[in-house]
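Examination of the molecular architecture
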Amino acid sequence: TASNRLLVVGSRDISAGLSKDVLIGVYELNGTVVRLDSYDYGINESYNSIVENPNTTNAATRYVVLGSINLTNNKNDDDVILTAMNESGGASWRRKYGALNQDDEYHTKLSVYNAISGQLAMSGHLANFGCYVVVNLSTNGAVTNLGRSFGANSRINDFQRTPNGEFLLASNVITTPPQAQ
């Protein structure tokens, strides 16, 4: 962070692997804990990825965290949770994406899509179609029409924009065992 601290996110196992709460930690560089909190937003939730907001003019949304949330206890009904927070780990807004009884797992990776306009891309899969979804941070995470869906039974595991504006995607076919694509 700007104050030379580490902002760490993840999940806390609360009952032998069955349900999790999100975990937010702020640490000094020497490992001293400044803040460590967990929050229960649903039945099972986890934060997976954190990026610095490319538009740093608003300290309240300096960092953006991506994760999953399950409100039904059905393992095939994950939704996506996106949270903007300050460098102390305080949330300024939180948004859930997804539909009931649909596997919305585009919470695999959070990447900068357009640094100038403050857009981020969430990648993963939506109803077994590999996809990325682009959101605007200036409108508290509203979805844009810039996302894209790919082939059935695939998942986008990583999404990076190159300096010349092209995109690199790493994906796999959803099979047992997973296959690279």
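Now for a quick tour of the structure. Residue indices begin from 1 for each chain and proceed along its sequence in written order. Local features in this predicted model are restricted to residues of pLDDT 70 or higher, and side-chain atom pairs are both shown and tallied only at a pLDDT of 80 or more, whereas totals for entire chains, interfaces and linings draw on every residue. The side-chain numbers reported here are obtained from all heavy atoms of the structure, hydrogens and water having been left aside.

1. What about the pattern of salt bridges?
For side chains of opposite charge, pairing can occur when their charged atoms come near one another. One speaks of a salt bridge when a side-chain nitrogen belonging to Lys or Arg is within 4 Å of a carboxyl oxygen belonging to Asp or Glu. Considering all chains together, one arrives at three salt bridges under this definition. Glu28 is paired through a salt bridge with Arg5; the nearest N and O atoms lie 3.1 Å apart. Note that Glu28 is positioned in strand E2 (residues 20–28) and Arg5 in strand E1 (residues 5–13), a separation of 23 residues in sequence. The shortest N-O distance in the salt bridge between Asp37 and Arg35 comes to 2.4 Å. On the basis of relative accessibility, which here comes to 25%, the residue Arg35 falls in the partly exposed class. Numbering goes from the N terminus for both helices and strands, where a helix is a DSSP run of H or I of at least four residues and a strand is a run of E of at least two. Relative accessibility thresholds used throughout: buried, under 20% of the residue-type maximum; exposed, over 50%; partly exposed, between the two (1.4 Å probe, protein chains only).

2. Overview of a nonpolar patch on the surface
Residues Leu6, Val8 and Leu29 make up a contiguous nonpolar surface patch of roughly 270 Å² in combined accessible area. Position of Leu6 relative to the elements: it lies in strand E1. Overall, the relative accessible area of 44% leaves Leu6 in the partly exposed class. Patch rule: a residue counts if its relative accessible area is over 30% and it has no salt bridge; like charges are joined within 9 Å, and nonpolar side chains (Val, Leu, Ile, Met, Phe, Trp, Tyr) within 5 Å. Accessible surface area values rest on a Shrake-Rupley calculation with a 1.4 Å probe, where residue burial reflects the displayed protein chains alone.

3. Observations concerning the environment of Ser11
Structurally, Ser11 can be placed in strand E1. For Ser11, a relative accessible area of 29% gives the class partly exposed. As for Ser11 and Tyr39, which are separated by 28 residues in sequence, their C-alpha atoms are 9.2 Å apart. Setting aside residues up to four positions removed in sequence, Ser11 forms contacts with Lys20, Asp21, Val22, Leu23, Glu45 and Ser46. For this analysis, residues touch if any pair of their heavy atoms sits within 4.5 Å.

4. Some points on the pairing of strand E3 (residues 33–39)
Of the pairings in the sheet, the one linking E2 to E3 comprises six bridges and is antiparallel in character. Residue pairing in the sheet places Val22 in a bridge with Tyr39 of E3. With antiparallel pairing between neighbouring strands as the criterion, E2 and E3 make up a hairpin whose turn holds four residues, including Gly31 at a positive phi of roughly 100 degrees. Think of it this way: DSSP has to see at least two bridges between two strands before they count as a pair.

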